[in-house]
Amino acid sequence: MGKRKKSFAGRLSLKIVLATSLLFLTSLLVMSAFIAILTVVQSLETAKAQLEKSTRQIESVFQNVELLTQITAKNLQLLYEKDEQLSQKTYFKITRDLARSFDYSKGCGIYFEPYAFDKEHYFSGFYSMPTQGDTITYIQAIGAKDDPEFQKPNTYYFGIEWYKKAKESGKPQWIAPYVEDGLDGEWSVYTYAYPLRNKNGEIFAVMVVDLSLEWLEEELNSIRPYHDSNALIVDENYNYICNPLSKGRNWEGSLFDTPFISGQTKMLTKEEIKDFQWTEMGSIELNMNKHEDIERSMEYDGDKDTNNLSIGTDSTKSLTSVLSNDSTRTKRVDWIWHEDYKDSSICIIQSMSNNWLIMMASKVTSVFWPIFGLLYCLGFVAVIGLITLFFVNKRIIHRHTRPLVDFACAASKITEGKFDIKLPEMEINDEVAEMHNALKSMQTAVIDHIAKLKATMSEKERLSSELNIAHNIQMQMLTNVFPNSNRLEMYAYLRPAKEVGGDLYDCYLNNNELSFILGDVSGKGVPAALLMATIQNSFRILGHMQLDADTLMGRINKSLCSSNNSGMFATMFYGHLNVDDGSLTYCNAGHNPIVVIPPTGDAYFLKARPNLACGVLDSFDFQAEQLTLERGTRLIIYSDGVTEAERNDRTQFGEERLLHWAHTLNQPEESPSSTPKAIVENLFANVRSFIGDAEQNDDITIMCIKY
């Protein structure tokens, strides 16, 4: 028994049920996705809020250092402008007060240019470093130029990065974090360097504030919206400033070679980081007028003693209050996906004003876990509902699709190519009837289109046949019998770009006198071919009248001008060669210069007087010229289809390449056979090889005469 054929009603029922099921499933998924999005957005906003809070707190520490250092430097500048001489005790008091003015300080120092503080000492510097409790350790760096203690890399402060950069730029700036050996082991330091200027505006010292970054780990550990979250900070080169998950010291490694989330094996790539689209979140603007109370509490009391220059605790509190109320100087990208080998992660990233990136990463499963249970329940309900819907819809649709059987049979025959079959009539005016009418209209349109297509193909075949006949006629019009003797050999070849072309050549030999012509009609195709036939016919009539070259060219020109209403013209080269004595009389009517290849020496282009092309001006007076050829001389006459042959990159064959090829004809080891036919075929082969698979863009005509 054959395979049972499914009914149209059954297939339609299945498709409708599937479509309905898909719509039902899509609705459930959209609703689930909407709930999931709300949950995720809320989770991400909570995480972002924690990240933004920590970012503001970290930024406030840096801004606190910047502002206090700037205010201290400003007050010092006032003293320098008054030419005050500050003592060592005063400088130690300044560095001490500044070091105590903010949290996480590792110390503050002022280091002078050679002999700037003390004329007897090359090195001069003062550094105050908080230790345990309220204790301050003072470090004095005073020494002579040849003092070996100051030649060490860690004490020769002129060569340290913070001193060099502050002096070279002349501006206050943060120096990239570095690791330094302290009294209690290694610690990561972030230094703010401020150049100090004397009353003449010259930099004579650099004030530095060293900030410990150990506190960042505690701050980052507070950002944990999920159990497996990790927060870290990297610099502009994506090297860690602080990563609590980093093995060993938390500043070692980079974002691309060290895990930054628990259980992760594949890091972010540089392309993933660099492709972020940052969004400006606002910037802090420090208006000094708002901080006049801070400045007043830090100003120098100039009545008696310079030791009164200090930074008070009230000013620190006021500054902290101002900074906490300002907006953050950060840019933010909300969140990104990162595909891992085993899992995916979500990263929330913010950039700080110093180009550091602070980021929080969590596994996707941690973020979406509350949603999975809801999705499982909705999926189970959806499957039960779809199964029920399938059977109910199938029964209903099967009852209402029977009238479509006849229409389906007719449509099947149309697909087999029976376009003129009569379609069954539909009694009910509904969507099925509209489909019937549309198919009937399409049936009529297809029948009309096929009829028009047949007529078009027939006309195209007729035109192609006529063009082939025209091509054969044109080729038959060209001379195919050339002189061939021990004193004169000749050959010519024409290949049109289309079925018919506008190039021409002709010649005849009469009593050892050879007359020849090669021309190129403007344009291509049938119009050019008709004008080419007119020129060739004029040449054959006038050539036997033994006219001078300029007279013959003038009559051809007048003939073209009198019967040429289309504005077409033709460039031509006409020559009359006396075989006995080698004298050549020629006239060049705007044509390409011919190539002369003497028996010895280099080939060259034959210079000719500038005559107009034929068909441009009927009263133009053409001028002929003469040349005596040596025995063995070869002439190459060609149309611009040779020199203007183009590759696909629009590079042309050109006259230089043509002349180089002509030089090889006098080199036996490179030249082809010396017969004119071989030379013509070789030049045509060079042109075809040059253009490669590019389409021929113009008619190509080549003539060679060997005297």
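A short tour of the structure in this document, coming up. These numbers were taken from a predicted model, which means no experiment stands behind them. (Residues numbered from 1 in each chain as written. Predicted model: local features only at pLDDT ≥ 70, side-chain atom pairs only at ≥ 80, totals over all residues. Heavy atoms only, no water.)

1. A few points about the overall build of the protein
Counted only if it meets this: Only DSSP runs of H or I covering at least 4 residues are called helices, and only runs of E covering at least 2 are called strands; the numbering of each starts at the N terminus. Buried, partly exposed and exposed residues are distinguished by accessible area as a fraction of the type maximum, computed with a 1.4 Å probe on protein chains only: under 20%, between the cut-offs, and over 50%, respectively. Method for areas: the Shrake-Rupley scheme with a 1.4 Å probe, in which residue coverage is limited to the protein chains shown.
Scanning the protein from terminus to terminus reveals 15 helices and 22 strands. Burial statistics for the protein: of 707 residues in total, 44% are counted as buried. Summing over all exposed atoms, the protein offers an accessible surface of approximately 38,000 Å²; the carbon and sulfur share of this is 52%.

2. Looking at unusual backbone geometry
Even without a glycine there, the phi angle at Tyr 115 is positive, about 60°. With respect to the helices and strands, the residue Tyr 115 is situated in the loop between β1 (105-112) and β2 (123-130). With a relative accessible area of 35%, Tyr 115 lands in the partly exposed category. Here Asn 355, not a glycine, exhibits a phi torsion of approximately 70°, which is positive. Relative to the helices and strands, Asn 355 is located in the loop between β11 (344-351) and β12 (357-363). Take Asn 355: its relative accessible area is 51%, and that puts it in the exposed class.

3. What to know about the state of the cysteines
Filter applied, for reference: The definition used for a disulfide is geometric: two cysteine sulfur atoms within 2.5 Å.
Counting across every chain of the model gives 0 disulfides. Just so you know, Cys 614 is unpaired, no disulfide at all, and the nearest cysteine sulfur is the one on Cys 587, 7.7 Å from it.

4. Here we look at the sheet that holds strand β13 (residues 489-495)
Let me state the cut-off plainly: Strands are labelled as partners when DSSP assigns at least two bridges between them. Contacts: residue pairs with any heavy atoms within 4.5 Å of one another. Here an angle of 0 to 180 degrees is reported between the N-to-C directions of two axes, which are lines fitted to C-alpha atoms, with helices fitted over the stretch in contact.
The strand order across the open sheet built from 5 strands is β13-β22-β21-β18-β19, with neighbouring strands paired in antiparallel fashion. The open sheet is flanked by β13 and β19 (604-605), the only strands paired with a single partner. Here 7 bridges tie β13 to strand β22 (residues 700-706), and the two strands are oriented antiparallel to one another. Residue pairing for β22: Arg 495 is matched across the bridge by Ile 700. Across the sheet, helix α15 (residues 676-691) is in contact with β13, β21 (634-638) and β22; its angle to β22 comes to roughly 150°.

5. Quick notes on the pairing of β12
Among the 7 residues in β12, 6 count as buried, and that is most of the element. The sheet contact formed by strand β7 (residues 230-234) and β12 spans 5 bridges and is antiparallel. Paired with Val 234 across the strands is Leu 357, a residue of β12.

6. What to know about the nonpolar core
Going by this rule: Among buried residues, those of type Ala, Val, Leu, Ile, Met, Phe, Trp, Tyr and Cys that are joined through side-chain atoms within 4.5 Å constitute a nonpolar core.
Grouped together as the largest cluster of nonpolar side chains are 74 residues, with contacts concentrated most on Phe 516, Val 521, Ile 535, Val 595, Ile 637, Met 703 and Ile 705. Per element, the largest residue contribution to this core is 7 residues, and it comes from α15. Residues within four places of Ile 705 in sequence aside, it is in contact with Leu 488, Glu 489, Met 490, Leu 514, Phe 516, Leu 577, Thr 633, Arg 634, Leu 635 and Ile 637. Core analysis: the next-biggest nonpolar cluster, separate from the first, contains 55 residues, Ala 36, Ala 99, Cys 108 and Val 367 among them.

7. Some details on the side chain of Ser 212
Filter applied, for reference: We call two N or O atoms a polar contact when they sit within 3.5 Å, provided that within protein one can donate a hydrogen and the other can accept it, with sequence-adjacent residues counted only if both atoms are side-chain atoms.
Along the chain, Ser 212 falls in strand β6 (residues 203-212). Of note is the side chain of Ser 212, whose polar atom sits 3.3 Å from the backbone nitrogen of Glu 214. Excluding residues that lie within four positions of it along the chain, Ser 212 makes contacts with Tyr 104, Lys 106 and Ser 188.

8. Description of helix α14 (residues 654-663)
All of the buried residues along α14 are Gly 654, Leu 658, Leu 659, Trp 661 and Ala 662. Contacts made by the buried residues of α14 are with β18 (595-597), β19, β21, α13 (640-643) and α15.

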